[in-house]
Amino acid sequence: MKKIILTMLVLLVSLINLPALYSDGDHVHTWTLLVYADASDNLQDAIIKNIRDLAASWSHPCVEIRIQVSLQAGYAWRYIVVNNQLREQEFVQLDSNQAENLINFTNWGFKNSIAAHHGLILSGHGYGILDPSYHELENDWFAESDQDLPCGICKDTLDQAAAQHYRATLLNRVTQNYLNNKEMVSTLHNIKSMLNKKLDLFCLDMCLGASLEHAYQVAPYVDILIGCQNCELKDGFDFFELGRSICSSGNTPANLARKICQAYHVYYEQHAERGIYTLAAIDCSYASSIKDSLDVIAHALVACIQQDSKLKTTIRDVRLNCINFCFVPMYTDLFMVCSEYEKILPILEKHSVDKNTLQTLKDELDNCKHKIHNAVIANVKGHSMGDAHGMSIYFPFNHIDSSYKITEFGSGKPQAWVGLLETVVR
């Protein structure tokens, strides 16, 4: 443990200018950006590279960037980026609870901030909208198994071995803790109360962050969510270009979000050999309306099955034609789900489904796709991810994870999407 601390200290001290503390004088900040980086489980080198890149990018007196780097040893360093350097501010001992650590950091980072815009980046390991459990024997995190997947369903996904080299939120195998969905919401609520406004940008620099479920639960507290639909390389975001972009003049939150996505695209084109990458910026104000459309669609599909039980197989098997993301194929692309359901409308008509139900389904599928198109203000993807449109949805094959039903999305009223899953999932 002492060796880990010493090694990380040597690496970090080489990046910073220790003597002076940060002072912004009379500058009025246009942005205050916080970066919370959990460097556990093989991410140390990547996260050190990222904060070095962020510090080296062109700095601007009107931009304040504050960073916390957490290490496996249970300690964290806090920095402010100024004059292309990391200025150390504090050395803190971490709580075993990720939520407490994040709240403490954001209270410190946003305290007394009067910037026009505010952003928060969470950088670490992620598992999407599900809350996994820790298995001591395997020393790893697992969601409830979606067993007995259809033959060949994982042929284009990463296997478990590959997943160990890629990036619930902020999973930490040392503390056996993570930021669950309830804690994410309460943390964002705390930030909104402190700032007296929503966060302009909330970025999940980790696997599986660009879902409708995430956008829905953070929408009361966040304007724009940035995340990927599949798995990230250990590198995560391109922090050098992110730093340059946030310092550009006239950067609205939407423009900055687009620049972050474009920089990610340029970086991953060079480094993701198989073309397996995505990143999207989602306007969270559309999330509730998209959920409403999805609930109407789900209700109509259940009505189809109630009218003719033979349609259950047809409606269920639409999932087989939809894209899967990395080593957790319980997630797919929502826009593609709608497109695939549009393809079976003639089959439903042949089975004499009620015309009103059919028309409602047709109209709402088109409506949902239109809303997704408007919500996704930026979407980049590799050549192997052509069916990724920027917004994922949880759609398992055989088993509904119990944690899904207690998310803001899964437990909200109405629960038509969960009802459809319960009807068609084997």
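Above this text sits the structure in question.
Residues numbered from 1 in each chain as written. Predicted model: local features only at pLDDT ≥ 70, side-chain atom pairs only at ≥ 80, totals over all residues. Heavy atoms only, no water.

1. A short note on the overall build of the protein chain
From N to C terminus, the protein chain includes 15 helices and 15 strands. For the protein chain, the accessible surface area stands at approximately 17400 Å², while carbon and sulfur atoms represent 50% of it. (Helix = DSSP H or I, 4+ residues; strand = E, 2+ residues; numbered from the N terminus. Areas by Shrake-Rupley, 256 points an atom, 1.4 Å probe, with all protein chains shown as cover.)

2. Here we look at the sheet that holds strand β10 (residues 199–205)
The strand order β4-β3-β2-β1-β5-β10-β11-β12-β14 describes an open sheet built from nine strands, whose pairing is mixed. Only two strands of the sheet have a single neighbouring strand rather than two, namely β4 (85–93) and β14 (376–381). The mean inter-strand angle of the sheet, taken between neighbouring strand axes irrespective of direction, is 15°. Relative to β10, strand β5 (residues 117–123) runs parallel, the two being bridged by five bridges. Bridge assignment links S123 to a residue of β10, and that residue is D205. Lying over the sheet, helix α2 (residues 44–56) contacts β1 (31–38), β2 (63–70), β3 (75–82), β4 and β5, oriented at roughly 165° with respect to β2. (Pairing = 2+ DSSP bridges. Axes fitted to C-alpha atoms, helices over the stretch in contact; angles between N-to-C directions. Contact = heavy atoms within 4.5 Å.)

3. Observations concerning empty space enclosed by the protein
In this model, the largest cavity occupies a volume close to 40 Å³. Looking at the largest cavity, the residues that line it are V35, A37, I47, N50, I51, S123 and F239. For the lining of the largest cavity, the secondary structure elements donating two or more residues are β1 and α2. No other element matches the three residues that α2 contributes to the lining of the largest cavity. Class assignment for the residues of the lining of the largest cavity results in five nonpolar, two polar and no charged. Considering only enclosed or pocket space, the second largest cavity measures out at about 30 Å³ in volume. Around the second largest cavity, the lining residues are F237, D238, E241, L242, K259, I260, A263 and Y264. Of all the secondary structure elements, the ones that give two or more residues to the lining of the second largest cavity are α7 (239–246) and α8 (253–271). (1 Å grid on protein atoms, 1.4 Å probe; cavity = no way out; pocket = protein on both sides within 12 Å on 5 of 7 lines; lining within 4 Å. Points joined across faces, edges and corners; volume = space filled by probe spheres on them. Nonpolar A, V, L, I, M, F, W, Y, C, P; charged D, E, K, R; others polar.)

4. Brief notes about the pattern of salt bridges
Under the counting rule described, the total for this entry stands at nine salt bridges. Note that R78 is salt-bridged to E90, the shortest N-O span being 2.8 Å. Remark: E90 occurs in strand β4 and R78 occurs in strand β3; sequence separation between them is twelve residues. When its relative accessible area of 30% is taken as the criterion, E90 is described as partly exposed. Across the pair D200 and K197 runs a salt bridge, and its minimum N-O distance is 2.8 Å. Accessibility expressed as a relative area gives 7% for D200, which makes it buried. Assessed through its relative accessible area of 25%, K197 is described here as partly exposed. (Salt bridge = Lys/Arg side-chain N within 4 Å of Asp/Glu carboxyl O. Buried < 20%, exposed > 50% of the residue type's maximum accessible area, 1.4 Å probe, protein only.)

5. Focus on the pairing of β10
Buried residues dominate β10, accounting for seven of its seven residues. As paired elements, β10 and strand β11 (residues 222–227) share four bridges and run parallel to each other. Note that in β11 the partner of C203 across the bridge is I226. As a crossover connection, the stretch from β10 through helix α6 (residues 212–218) into β11 is right-handed. (Right-handed = clockwise from strand over helix to strand, strands pointing away.)

6. A closer look at the packing of α2 against α7
Close contact between α2 and α7 brings their axes to 7 Å; oriented N to C, the two are set at 30°. The angle between α2 and α7 falls in the class roughly parallel. Between α2 and α7 lies a crossing whose hand is right-handed. Contacts from N50, D53, L54 and A56 in α2 reach F239, F240, L242 and G243 in α7. Residue composition of the contact of α2 with α7, by class: five nonpolar, two polar and one charged. (Parallel < 35°, antiparallel > 145°, perpendicular 65-115°, else oblique. Left-handed = near helix turned anticlockwise from the far one by under 90°.)

7. A short note on the packing of α7 against α8
A pair of packed helices is characterised by two quantities: the angle between their axes and the separation of those axes. Packing of α7 against α8 brings their axes to within 9 Å, and their N-to-C directions diverge by 155°. Between α7 and α8, the crossing angle belongs to the class labelled roughly antiparallel. For α7 against α8, the interelement crossing comes out right-handed. Of α8, the residues touching α7 (which contributes E241, L242, S245 and I246) are L256, K259, I260 and A263. Here the contact of α7 with α8 is composed, by residue class, of five nonpolar, one polar and two charged.

8. Overview of the environment of F110
Residue placement: F110 occurs in helix α3 (residues 98–110). For F110, a relative accessible area of 1% puts it in the buried group. When the C-alpha atoms of F110 and R66 are compared, they prove to be 8.9 Å apart, with 44 residues separating the residues in sequence. Sequence-distant contacts of F110, that is, excluding residues within four places in its chain, are made with T32, L34, H118, G119, I191, M194, L195 and L199.

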